[in-house]
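Residue-level listing of the chains:
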Amino acid sequence: MNLTAEKNCTWNPTAADRQHFLTELGQLLPADSVLSDPETLAPYECDGLSVYRRLPLAVVLPETVEQIQAIMRLCARLKVPVVARGAGTGLSGGALPLADGILLSLAKFTHILELNPLERWARVEPGVRNIAISEAVAAHGLYYAPDPSSQIACTIGGNVAENSGGVHCLKYGLTVHNILAIGIITAEGEHISIGGLAPNSPGYDLLALFTGSEGMLGIIIDVTVKLLPKPEYAQVLLAGFPSLGAAGTAVGRIIAQGIIPAGLEMMDQAATQAAEDFVHAGYPTDAVAILLCELDGVEAEVNAQTGTVREILESCGANHLQTAVDEAERMRLWAGRKAAFPAVGRISPDYYCMDGTIPRRHLAEVLERISRLSEKYSLPVVNVFHAGDGNLHPLILFDANREGELAQAEALGGEILEVCVEMGGTITGEHGVGIEKLNQMCVQFPEPELRQFHAVKNAFDANSILNPGKAVPTLHRCAEFGAMHIHRGKLPFPELERF
Amino acid sequence: MSDTDSLLALEKQVQTAFESGTPLSISAGNSKSFLGTSSADTALNISGHRGVVSYHAEELVLTARAGTPLAELETLLAEKHQMLAFEPPHFGPGATLGGTIACGLSGPRAPYCGTARDFVLGTRILNGRGEYLRFGGEVMKNVAGYDVSRLMAGAFGTLGVLLEISLKVLPMPEQELTLAREASASEAIELMNSWAGQPIPLSATCHQDDRLTLRLSGPVAATSEAKRRLAGDQMEEISNDFWPKLREHTLAYFNTPKNLWRISLPSGTPPLALTGAWLTEWGGAQRWLRSDEDGARICQIVAKAGGHAQLFRAGSAATEAVGPPPLSEPMLAIHRRLKQAFDPAGILNPGRLFPQS
Ligand SMILES: Cc1cc2nc3c(=O)[nH]c(=O)nc-3n(C[C@H](O)[C@H](O)[C@H](O)COP(=O)(O)OP(=O)(O)OC[C@H]3O[C@@H](n4cnc5c(N)ncnc54)[C@H](O)[C@@H]3O)c2cc1C
């Protein structure tokens, strides 16, 4: 992908401009909070999508909200692009620096500001790690529900910016369902509060609009999260199936039965094998697909539901069925799933993680299409799947050191996402568009919708200094992409397809 | 009129209004017209654009056109033992899906399951230029583009005419149980909050007139265990019908010539020193006040407690306008720019949500 294709074009600095800007930055922040020589910048050159790397002009590490405001005012005046960064675990290049822009790291904002156990909320700084919230409130029997697999590293600010999910979001919701308020510094450096502890916030639901907005609308400086009581008891079932279709049917039946499991995850045989080799979770490696189903609540309730789910799994043809006998076994069964990405990392020099979501009824067909695409490109694909909510993570295995393989992997990934769109799904369930899926945005959205997105951006950031060129492609880019690419599943008369 | 015709007619009407700068007042069932007023006198009626587009019970997703009566959807869902978990108030037999989402109102289950916006997965709208746009979709997780669909919830039609909405639905609980006991207002607020911090399947709470009422929902094993822990044997078990009456404001409490205020607060706020009759629900976070006290004083005291007040239904002695509370200056500026982004000519329900919206 051409990284220089899009950037904001109002700031075209000369060497002297750059120097002048760095001097001004230096007046706003202590010397050790501004990094600008290539060596110190290197750790910030990429996020979790490490195939894209670029150095910014500078990295700033402010410590106070006032410093963030001052930085934003300076950047607004000179129209310098600003990319916010939490932990840099994002998988779509959202925190990839922009050349001649600054990378604003929230790494020093790691305080839990307020905690109210009775009202069950905590107000935290954006750089607080996801898991640190649950750890800090555990003594009150509470926790923060969204649990991305990256939770030991990723920050709550990044979670809000991506609307992150986790294996428990089927029952407990995504980030957007679990936050009450955020504080924002706007592109002009103004401080505004969105949402609140009281419900029915007046005006538009800006909290929803900001969640998942990928750092395009404002800098998040605090987040008030909802806390939930820890479930008293949890049980996990592991089932092995002779086919992916059978496992998919079981998922539908469980939900149709009126049971919303706390987690419902599927892995195909290759992913199961990789995870088993890595953590020895005790997975049946002869199964074509495995399903992990967690139930939680009070013990009597969990026991009753476990019985029902067992019956459903059996009736759907499970040939391996196991219920964790104790907490240690439950943790071990989950460890395999949670380590699925690194496990795949062990069997291939590189892997490329996709994030499409589909209506679940099309699962078997989509997996079949993926396997055909995998053959077409001669690259193996391993599937990890948030089965309950239809979020697929096909992992494409490749070797970046082999000439052209990265490009092939990207092309294969693009086609997989287009299949998701064709099936009525979306190109990203939780990882965001970032820089990675700009072309696929052109497939998912027609021009009027894209124009509307740009108008929304413009309402918050008229000079486009916040993460410019990410998340929403320009119409120009889509026109170019369209010209060299025949959209799959698109009717010749798009204006008619809605009827 | 066929679906296509009704859609084309609406599209044409908005496009014409955009060109001529004619403000439109969007309506369907007129059940919530008491909530805020728009200055437009040309009506855009969407009640003809109705019908369920798809319902996939196994995937917990329902898509219907905005003019579909809410009652029709609830009947359809009940056949599969599913429900709209935010328990939307109808406030009249004509309530439609579009009006429900546009007003963003939720019922007694909201603090425990989520509000209207939490269940919105996708929308199809006409923006203020009359452009037909689709956002979100029918899947549970979707972060492609800004979340314009959820933005529509509670926007009172000022950003777009809702045409079609996809919602997440949930299974109906296996059992529901309503229990009541005596409690003072402050004791009730304390209890509602501390219960919500324990693994108890609460699905609604209400306090009025020294009486605390709660609902437990879930598998029988869970509700009976919770009843035991809450010493439910010593409470009176009453009919579950209490909750629809609360939701629809048909409890005797709501039958009053006085002003009815909706007071939104941090859930643990102790009772406020405002005279009138109180009804507290949503675990303490949403409270109703029947009172003829001066509106400015009510707003001031509520704001001091970290909340906001809205005159919900005007009584005979009302001096304030019914409608959402005002926005702060910087927020108002953002709201105006956002309005401009969707509706540059300012023709969609102007003034319904904030001045010049
Ligand atoms: C091994 C692995 C497993 C993962 N598993 C999951 C998973 O299960 N579920 C899931 O949803 N994701 C997962 N992710 C993706 C990633 O962890 C999430 O997207 C996470 O929310 C990113 O947080 P971060 O702090 O690292 O943000 P970053 O990567 O630093 O930034 C992400 C985006 O947010 C913006 N941003 C960050 N902070 C702010 C702020 N304060 N204000 C405004 N914008 C901001 C950035 O500009 C960027 O666009 C995984 C990643 C890895 C590497």
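As shown above, the structure is provided for reference.
Criteria and thresholds
- Residues numbered from 1 in each chain as written.
- Chains lettered and ligands numbered in written order.
- Predicted model: local features only at pLDDT ≥ 70, side-chain atom pairs only at ≥ 80, totals over all residues.
- Heavy atoms only, no water.
- Helix = DSSP H or I, 4+ residues; strand = E, 2+ residues; numbered from the N terminus.
- Rg over C-alpha atoms; globule rule 2.2 N^0.38 Å.
- Buried < 20%, exposed > 50% of the residue type's maximum accessible area, 1.4 Å probe, protein only.
- Areas by Shrake-Rupley, 256 points an atom, 1.4 Å probe, with all protein chains shown as cover.
- Lys, Arg positive; Asp, Glu negative; His and termini not counted.
- Charge placed at Lys NZ, Arg CZ, Asp CG, Glu CD.
- Salt bridge = Lys/Arg side-chain N within 4 Å of Asp/Glu carboxyl O.
- Disulfide = S-S within 2.5 Å.
- Near = heavy atom within 4 Å.
- Polar contact = N/O pair within 3.5 Å; in protein donor to acceptor, adjacent residues only side chain to side chain.
- Nonpolar A, V, L, I, M, F, W, Y, C, P; charged D, E, K, R; others polar.
- Phe/Tyr/Trp six-rings, centres within 6.5 Å; stacked < 30°, edge-to-face > 60°.
- Lys NZ or Arg CZ within 6 Å of the ring centre and 35° of its normal.
- Contact = heavy atoms within 4.5 Å.
- Buried area = accessible area lost by both parts, 1.4 Å probe.
- Expected span 1.5 Å × (residues − 1).
- Pairing = 2+ DSSP bridges.
- Axes fitted to C-alpha atoms, helices over the stretch in contact; angles between N-to-C directions.

A. Region of interest: the overall build of chain A. The helix and strand inventory of chain A stands at 17 helices and 18 strands. Taken against the 2.2 N^0.38 rule, which gives 23 Å for 499 residues, the C-alpha radius of gyration of chain A at 23 Å falls within 12% of a compact globule. Overall, chain A is about 70 × 55 × 50 Å in size when its C-alpha atoms are taken along their principal axes. Here chain A holds 499 residues, and 61% of them are scored as buried. When the accessible area of chain A is evaluated, it comes to approximately 17900 Å², of which 53% is carbon and sulfur surface. Across chain A, the mean location of the 36 positive side-chain charges is 3 Å away from that of the 58 negative side-chain charges.

B. Molecular detail of the pattern of salt bridges. Applying the stated rule across the entire model yields 39 salt bridges over all chains. With a shortest N-O distance of 2.6 Å, Arg229 of chain B and Glu232 of chain A are connected by a salt bridge. Here Arg229 of chain B is found in helix 7 (residues 220-229), whereas its partner Glu232 of chain A is found in the loop between strand 11 (228-229) and strand 12 (233-241) on a different chain. By relative accessible area, which is 37% here, Arg229 of chain B ends up partly exposed. The partner of Lys339 of chain B in a salt bridge is Asp343 of chain B, and the shortest N-O contact between them spans 2.7 Å.

C. Fine view of the state of the cysteines. All names here are of chain A. All told, the structure shown has one disulfide over all chains when counted by the stated rule. Note that Cys442 is cross-linked by a disulfide to Cys478, the S-S spacing being 2.1 Å. Measuring the twist about the S-S bond at about -80 degrees, one finds the Cys442-Cys478 disulfide to be left-handed. One end of the pair, Cys442, is in helix 15 (residues 438-444); the other, Cys478, is in helix 17 (residues 475-483), and 36 residues separate them in sequence. Of the two residues examined, Cys442 and Cys478, each falls in the buried class.

D. Molecular detail of the site of the ligand. Residues and elements named next belong to chain A. Contacts to the ligand come from 32 residues, most closely from Ala84, Gly86, Thr89, Ser150 and Thr155. Note that an oxygen atom of the ligand is positioned 2.8 Å from one of the side-chain N or O atoms of Ser164. Protein contacts shield 93% of the accessible area of the ligand, which totals 970 Å² for the unbound molecule. Contributing elements (two or more residues each) for the shell around the ligand: strand 3 (82-85), helix 5 (156-162) and strand 10 (219-226). Ranked by the residues each element gives to the shell around the ligand, the list is headed by helix 5, at five residues. Here the shell around the ligand is built from residues that sort into eleven nonpolar, 17 polar and four charged.

E. Structural view of the packing of aromatic side chains. All names here are of chain B. Applying the stated criterion across every chain, the model contains 16 aromatic pairs over all chains. With centroids separated by 6.0 Å and ring planes inclined at 65 degrees, the aromatic side chains of Phe91 and Phe312 adopt a geometry described as edge-to-face. Of this pair, Phe91 sits in the loop between strand 5 (82-83) and helix 3 (97-103) while Phe312 is found in strand 17 (residues 308-313), placing the two residues 221 residues apart along the sequence. This pair shows no difference in class: Phe91 is buried, exactly as Phe312 is. Ring plane angle 90 degrees and centroid distance 4.8 Å describe the contact between Phe242 and Trp243, whose orientation is recorded as edge-to-face. In this structure Phe242 comes out as buried when scored by relative accessible area, which is 17%. With a relative accessible area of 0%, Trp243 lands in the buried category. Among the aromatic side chains, those forming a connected cluster through ring pairs are Phe34, Phe91, Tyr253, Phe254, Trp288 and Phe312. The ring of Tyr253 has Arg290 lying over it, and the distance from NZ or CZ to the ring centre is 4.9 Å. Its end group placed over the ring of Phe91, Arg313 keeps NZ or CZ at 5.0 Å from the ring centre.

F. Examining the interface of chain A and chain B more closely. Contacts between the two partners involve 78 residues from chain A and, on the opposite side, 76 residues from chain B. Both sides of the chain A and chain B interface together cover about 6400 Å² of buried area, and 62% of this is carbon and sulfur. Put simply, chain A and chain B have five salt bridges between them. Remark: the boundary between chain A and chain B carries 28 residue pairs in polar contact (both at pLDDT 80 or more). Elements supplying a minimum of two residues to the side of chain A that touches chain B: helix 6 (169-172), strand 9 (191-195), helix 7 (206-210), helix 8 (244-256), helix 10 (299-315), helix 15 and helix 16 (447-460) of chain A. Top contributing element to the side of chain A that touches chain B by residue count: helix 16 of chain A, with ten residues. In the side of chain A that touches chain B, the residues fall into 39 nonpolar, 22 polar and 17 charged.

G. Quick peek at helix 16 of chain A. Over its 14 residues, helix 16 of chain A runs 21 Å from end to end, which matches the ideal 20 Å to within 8%, given 1.5 Å per residue. Considered for burial, the residues of helix 16 of chain A that qualify are Glu449, Leu450, Gln452, Phe453, Val456, Lys457, Ala459 and Phe460 of chain A. Among the structural elements, helix 7, helix 15 and helix 17 of chain A together with strand 7 (132-136), helix 5 (148-152) and helix 10 (329-342) of chain B are those in contact with the buried residues of helix 16 of chain A.

H. A look at the sheet that holds strand 2 (residues 58-60) of chain A. Residue and element names in this part refer to chain A. Taken together, four strands build an open sheet; the order of strands is 1-2-4-3 and the sheet is mixed. Bordering the open sheet on either side are strand 1 (34-35) and strand 3, each of which pairs with just one other strand. Both strand 3 and strand 4 (residues 102-105) contribute to a ladder of four bridges, which runs parallel. The residue bridging Arg85 from the neighbouring strand is Ser105, located in strand 4. Of the strands in this sheet, strand 1, strand 2 and strand 4 touch helix 1 (residues 15-28), which is tilted by about 15 degrees from strand 2. Running at roughly 165 degrees to strand 4, helix 3 (residues 65-78) makes contact with strand 2, strand 3 and strand 4 of the sheet.

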